[in-house]
Structure formats: C-alpha cells, structure tokens
Amino acid sequence: MTSRQAEFVVVANRLPVDRVIGPDGEDIWRTSPGGLVAALEPVMHTVDGAWVGWPGQADLVLEPFEANGIRLIPIALSEQEVAEYYEGFSNDTIWPLYHDVIAPPQFHREWWEAYVTVNRRFAEAAASAVAENGTVWVHDYQLQLVPAMVRELRPDVTIGYFHHIPFPAHGLYAQLPWRDQVLQGLLGADVIGFQRAQDATNFHTAVRRRLHHEVRASSVDTPDGRWPLVKAFPISIDTTPYRELAQRPDIRARAVEIRQELGNPRRILLGVDRLDYTKGIRHRIKAYGELLDQGRLSVEDVTFVQVASPSRERVDAYVHLRDEIELSVARINGDHDTTGHTAIRYLHQGFPREEMVALYLAADVMLVTALRDGMNLVAKEYVATRDDNRGVLVLSEFTGAADELRSAVRVNPHDIEGLKEAILAAIEMPPAEQGRRMRALRKRVLEHDVRAWSTSFLDALAAARARRGAPHPQGETES
Ligand code: G6P
C-alpha cells in the first residue's frame, strides 16, 4: 500500500477527485466539488490524512498519489466487481431497500459475495494506511462491513461510520438476507452516525430485534464490552462558495440571461437532482403537467427547468426511469409548448457549480419532492444562494432536510393534488411571506454548515477514544 501512515483515514466508495484528461493526453485529478471533501479538507491538512476510495472506473490500478495536498489511496475494482458490488449490491439491493423499496430490491448471493470481498479490500487498505491509535472514518452504505473488518485488523484505532442515506424501518430491513452480518459490520464502529433521529431509532430497533443486544438511549452494548454511540448528525453543505458565487456580478448576469433565454416567464420553477427514482421527479412533472392541462398555469407565465444529472446508467431501474421521464416530458412539451415558450426545459446533464448557482438565482420556486432522501443537499444549496431572501422552497416531508428546514412549504409528493396546490401557492406567495420563510431557512443553513457537522462528528469520535475501555455510565436501557 503506502509506506507512510496517516493519523486520520477517510474511507469512502469514491475518491474525492475526478479524472480529466490534460492537453497532452495525461491524467489530471481535480478535487470533486462535493461537500464531504470541503468538510474534511481542513482536517486532512491539519492532522496528516489519507483517503481510501475507488477512482470511479473499472480495472484502473493506480499507486497511491497526492492531489491538492490530500493523500489518495485508490482501490481497484474489476469490471465484474463494478457490476456486482457497486451496481448490484450497493445500488440495486441496498439503495432501493433503504429507500423504502420505492423500486424492488434485487437479492443475489453473488452480489453479496462481491460486496464482502470489496469491503474487505477497502478495510485492508485502511488498516495498513492508519497510524497507531489513529482514526478511521468510514462513509456510507457501500461500505457497511468495513467498520468491523477494520476493528478486527486494527483494534487500536478509533472508528467512525456515517450513513448518508436513510436507514429503513425494521419491517423492510428484515427482508435483507444478510441483515445480521450488516448490523455486525456497522457495530464495529465507535460512533455510528445517521442523518435523522428516525434513522438512528430504526437502527436501534434492528439491533435489538435481530441481535438481541442491549440498547440504551444513544448507544448499544456489544458482546465484546463496547458501547458504540448511535446518533443523528444531520449533514450540510459548505455554504461559503454558494454565497460567494451568488454575489458575483457575472453569475447574477447569467441568472438574468437564463430568464431571457427561457422567454422571460413571470415565474421559473426549478428541479435539480441526480436522475434517481427516489427523487420524485415523475411526481412533480405529473403535478405540473396537470396544472397546464387544466389551464391553471400557462407556459407563457411559468416555465419549469429540470436538471437531471445522469446517474448509475447501467442499472435497470435507472434505465426505465429515464425512459418514463423523457416520455412524459416530451408529451407535456408536445401538448403545451409554443414557438417562444417551453413547458419543461429538461437537461439530462451535469453542470459546473457556477451555472447551478445562476439557476438557483433565476428560480422563483425550488421543487424538492423526493419520495425518500437521506438529507437532500440541493434544498440547502438553494437556500444558501438566496441572500435577497426571495424564492420559495417546496420541500418533501420525506427528506432529512425537512427535519431542519421547517419554514419550507412542506409537501407529501404522493399527494398530487396537494402538490399542485403547493406549487400554485409558491408561485403566488407574497414577497413578505417569502422573506419571512427564507430568513428562517437561511439562519438554519448558515449556522449548521458542513464544518459544524464534521466538527460535531469528530468531537463524538474523540470522546469515544477517550472513554475506550470504560464501563458504560448507568445509561437508560430502551424498552
Ligand atoms: C448518494 C450517496 C453517495 C453517492 C452519491 C452519488 O448521495 O449517498 O454515497 O456517492 O449518491 O452516487 P454514485 O453512485 O454516483 O456514487
């Protein structure tokens, strides 16, 4: 692996860099704009950190290297492992199961075996990269077995795990043929973090029902005498680049230009998602299409821009979703477009952050209608850019963000009539009410940014390290 050992090792399915080809055909690695990197960068730099992850391409075998001051330890995955561990078990078994079976999860024993093999590869890399008594922080559902595997290899290190997606109710979780092994994998950590209190509760219930461990208010007693902390740590965004971009004259000019390009509608509605069946894109398109059909909206007055960035394109459920969405967009546009105005401007592309901020500034109404979402950072990004305290956030109650963003217009996306009413109310919301709501939303997002999130998680990890081996102070046992 690598000769130098790091105090702090992050383990995530993906490395925090994107590969771009330079002018002479050489590889250039650019830090990806994700919030996780932004949150962890300062820590990585102060304590000598390393990041273990997959470079995002099959059969790419790379030696550890450095990019923008972060030491990267690439994990190679074969074509078959990408199909079975990443597209299969991670994204066609766990992802749909943990998102309340919006799509039916597929259970295949070979996928599970690949998941175990690949999790072990990540764990071994982390175990050899971390310094004595160091810290390993594992991220997300692709790597749920890694905490226990690292503990077995390196009992001296402190291990954190953060789960970025929902953890389902026991009735659903119990379907997983490998439900006990996954719980045991997670319980290898000293701190197990979830997005919402409900996720932590669901995890507790699964541990009690499946493993019969004693569960306290915020920890679990494991048979090896440990008591990992189980708690909600709602993630957020790095607000600074969003606020700065929103101030830039060229980005503000671009927002005005976008409105002009759309034919100067009175209102612009915006959706921004990975093209994923959990996001409720179909539901919002249906609601909007019905409002046009019923003549309650017109394309001269209102345009809906949907950015749907390509995602997991070789997984069947995603292929079908794309077909369905593109068919409905084409039908609605065919029925309602004029030569000068479009009903839905559908963009199946990813855009740089500058263009995203210009879109947020142009949008009068942001539609976040996920059927289930661990957090939903798009909602927070929109809020962070609106320093004029204008704009309306329509937010599904099934997102983690709904726990915090109480002043949004809340919707149940399954209720199409309710969604239609919420869209109309958002379009017509008086400026004073927009301001009142947006100020409250901004207060929350700006105060609880991603730095606050990583600090609180790392403080909990430091406390876990300090109390190692100590008996549990008489905590309350859950009934
Ligand atoms: C979600 C998951 C992440 C994942 C991301 C993109 O946000 O929580 O772990 O990296 O989606 O999905 P992808 O499959 O492209 O990594």
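Quick notes on the rules
- Residues numbered from 1 in each chain as written.
- Predicted model: local features only at pLDDT ≥ 70, side-chain atom pairs only at ≥ 80, totals over all residues.
- Heavy atoms only, no water.
- Near = heavy atom within 4 Å.
- Polar contact = N/O pair within 3.5 Å; in protein donor to acceptor, adjacent residues only side chain to side chain.
- Areas by Shrake-Rupley, 256 points an atom, 1.4 Å probe, with all protein chains shown as cover.
- Helix = DSSP H or I, 4+ residues; strand = E, 2+ residues; numbered from the N terminus.
- Nonpolar A, V, L, I, M, F, W, Y, C, P; charged D, E, K, R; others polar.
- Buried < 20%, exposed > 50% of the residue type's maximum accessible area, 1.4 Å probe, protein only.
- Pairing = 2+ DSSP bridges.
- Axes fitted to C-alpha atoms, helices over the stretch in contact; angles between N-to-C directions.
- Contact = heavy atoms within 4.5 Å.
- Domains from an automatic or database assignment.
- Buried area = accessible area lost by both parts, 1.4 Å probe.
- Salt bridge = Lys/Arg side-chain N within 4 Å of Asp/Glu carboxyl O.
- Core = buried A, V, L, I, M, F, W, Y, C linked by side-chain atoms within 4.5 Å.

Below, the discussion takes up the site of the ligand. Around the ligand, the surrounding shell consists of Arg14, Tyr86, Asn91, Trp95, Asp140, Tyr141, Gln142, His164, Ile165, Arg274 and Arg312. Measuring from an oxygen atom of the ligand, one finds a side-chain N or O atom of glutamine 142 at 3.2 Å. For the ligand, the accessible surface in isolation is 380 Å², of which the surrounding protein chains cover 69%. With three residues, the top contributor of residues to the shell around the ligand is helix H2 (residues 79-98). Broken down by class, the residue content of the shell around the ligand amounts to four nonpolar, three polar and four charged.

Its place among the elements puts alanine 246 in helix H8 (residues 239-247). Among the residues examined, alanine 246 registers a relative accessible area of 1% and is labelled buried. Considered as a pair, alanine 246 and tyrosine 360 are 114 residues apart in the sequence and their alpha carbons are 8.8 Å apart.

All right, on to the sheet that holds strand E6 (residues 70-74) then. The strand order across the open sheet built from eight strands is E5-E6-E4-E1-E7-E8-E9-E12, with neighbouring strands paired in mixed fashion. Each having just a single partner strand, strand E5 (65-67) and strand E12 (229-232) make up the two edges of the open sheet. Sheet twist, expressed as the mean angle between neighbouring strand axes with direction ignored, is 25°. Helix H3 (residues 109-129) contacts strand E1 (6-14), strand E4 (49-54), E6 and strand E7 (130-139) of the sheet and is inclined by roughly 165° relative to E1.

When the domains of the protein are assigned, the result is domain 1 (6-235 + 453-466) and domain 2 (240-447). For domain 1 and domain 2, the distance between their C-alpha centres works out to 30 Å. With 21 residues of domain 1 at the contact, the number on the domain 2 side is 22 residues. Of the roughly 1800 Å² buried at the junction of domain 1 and domain 2 (both faces included), carbon and sulfur atoms supply 53%. In terms of surface lost to domain 2, no three residues of domain 1 exceed Trp95, Ile102 and Arg196, which account for 34% of the buried area on that side. Of the charged contacts in the structure, one is a salt bridge between aspartate 100 and arginine 372, with a shortest N-O distance of 3.0 Å.

Moving on, we come to the pairing of strand E9 (residues 191-194). The side-chain alternation of E9 yields two buried faces, one formed by Val191 and Gly193 and the other by Ile192 and Phe194. As paired strands, strand E8 (residues 158-162) and E9 are joined by three bridges and run parallel to one another. By the bridge assignment for E9, phenylalanine 162 is matched with glycine 193. Here E9 pairs with E12 via four bridges, running parallel. Bridged to valine 191 within E12 is leucine 229.

Turning our attention to the nonpolar core. If you look at the biggest cluster of nonpolar residues, it comprises 97 residues, and the most contacted ones within it are Val9, Phe122 and Phe203. If you tally residues by element for this core, the top one is H3, at ten residues. Each of two domains, domain 1 (6-235 + 453-466) and domain 2 (240-447), supplies a minimum of three residues to this core. If we skip the residues at most four places from it in the chain, phenylalanine 203 touches Phe167, Leu183, Leu186, Leu187, Ile192, Phe194 and Val230. Counting 70 residues, the second largest nonpolar core, distinct from the first, contains Val191, Ala363, Ala402 and Leu461.

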